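Examination of the molecular architecture
Each chain, written out:
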Amino acid sequence: MFYRLFSFLKFLIASSNQHGVHSPFVYQYVTKCLYAAPNFKNSKSQNILLKTIAYFKIVHVQLSTHNSSLAKEITENLAGVTITDSSSELIFIDKLDNDTIDQFIVNNANITNDTIVYLDKIHKTKGIDNLWGDIKELEQVRVTIDLFYGGLVFFRGEQVKEHFKIRI
């Protein structure tokens with residue numbers, strides 16, 4: 001509990017809004033997606049996920065664990081989106097550990113230049129926070145966005161490696 005509060009305070013000090021973003025790709029994502037309507041009636045983390053799926057017009061979403069309530073939420077709010085066992089578009093990871101990183105990021109043959117990985121609750125514990133740091137350092141990861149409630153990972157080869165902390 002105290003770790004999460006301390007992490008949030010650290011995040012507030014280090015983060016910025018859209019005005020601190022110097023990447024056109026991230027700036028567009030923040031202003032046209034995260035700061036834009038609609039706001040779904042869910043947790044902040046699920047709201048981010050649903051907005052991201054809608055913004056990037058994602059059709060196939062892979063959930064790292066079987067989460068029927070989240071799958072239902074996605075398919076009810078976003079027409080045409082299907083939950084699959086394997087996706088090169090968006091992977092949602094809600095339980096972060098070394099095996100999950102290896103399976104869904106490091107050794108995942110389906111990851112392409114346009115794949116997005118959304119990690120839930122990246123500041124929940126010190127161990128998970130450290131794993132988030134390890135993910136940011138992976139060679140294939142180009143852009144990460146820390147939103148405190150979750151983190152986004154992009155593999156865009158055309159972009160310089162950058163890490164952002166954005167308040168929403």
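Scroll up a little and you will see the structure.
Before going into details, it helps to say that this report is about the structure given with it.

What follows covers the overall build of the chain. From N to C terminus, the chain includes six helices and seven strands. For the chain, the C-alpha radius of gyration of 15 Å lies close to 15 Å, the compact-globule estimate for 168 residues. Burial statistics for the chain: of 168 residues in total, 45% are counted as buried. Accessible surface for the chain amounts to roughly 8800 Å². Of this, 53% is attributable to carbon and sulfur atoms. If the 18 positive side-chain charges of the chain are averaged to one point and the 17 negative ones to another, these points end up 10 Å apart.

Turning to helix H4 (residues 68–77), a few remarks are in order. Taken together, the buried positions of H4 are occupied by Leu70, Ala71 and Ile74. Buried residues along H4 cover an arc of 100 degrees about the axis, so they all sit on one side. Seen from the open side of H4, the exposed residues pointing more than 90 degrees away from its buried face are Ser69 and Glu76. Buried positions along H4 lie against helix H3 (44–55), strand E1 (60–63), strand E2 (82–84) and strand E3 (90–93).

Take the pattern of salt bridges next. Applying the stated criterion across every chain, the model contains three salt bridges. Here Glu76 makes a salt bridge to Lys72, at a shortest N to O gap of 3.9 Å. Residue Glu76 and its partner Lys72 are both found in helix H4; the two are separated by four residues, about one turn of the helix. Residues Lys121 and Asp120 are paired through a salt bridge, measuring 3.9 Å at the closest nitrogen-oxygen approach. Residue Asp120 is classed as buried on the basis of its relative accessible area of 11%.

What follows is about the pairing of strand E5 (residues 143–146). On a regular strand, each side chain points to the face opposite its neighbour's, so the side chains alternate between the two faces of the sheet. In E5, alternate side chains face the same way, and those of Val143 and Ile145 on one face and Thr144 and Asp146 on the other are all buried. Two strands pair when backbone bridges link them, and E5 and strand E6 (residues 150–154) are joined in this way by four bridges, in the antiparallel orientation. Across the sheet, the residue bridging to Asp146 is Gly151, located in E6. Taken together, E5 and the strand that follows it, E6, pair antiparallel across an intervening segment of three residues, in which Phe148 is found at a positive phi of about 65 degrees. In the sheet, E5 pairs with strand E7 (residues 162–165) via four bridges, with the strands oriented parallel. Bridge pairing links Asp146 to Lys165 in E7.

What counts, and where the lines are drawn
- Residues numbered from 1 in each chain as written.
- Predicted model: local features only at pLDDT ≥ 70, side-chain atom pairs only at ≥ 80, totals over all residues.
- Heavy atoms only, no water.
- Helix = DSSP H or I, 4+ residues; strand = E, 2+ residues; numbered from the N terminus.
- Rg over C-alpha atoms; globule rule 2.2 N^0.38 Å.
- Buried < 20%, exposed > 50% of the residue type's maximum accessible area, 1.4 Å probe, protein only.
- Areas by Shrake-Rupley, 256 points an atom, 1.4 Å probe, with all protein chains shown as cover.
- Lys, Arg positive; Asp, Glu negative; His and termini not counted.
- Charge placed at Lys NZ, Arg CZ, Asp CG, Glu CD.
- Arc of directions from axis to C-beta.
- Contact = heavy atoms within 4.5 Å.
- Salt bridge = Lys/Arg side-chain N within 4 Å of Asp/Glu carboxyl O.
- Pairing = 2+ DSSP bridges.

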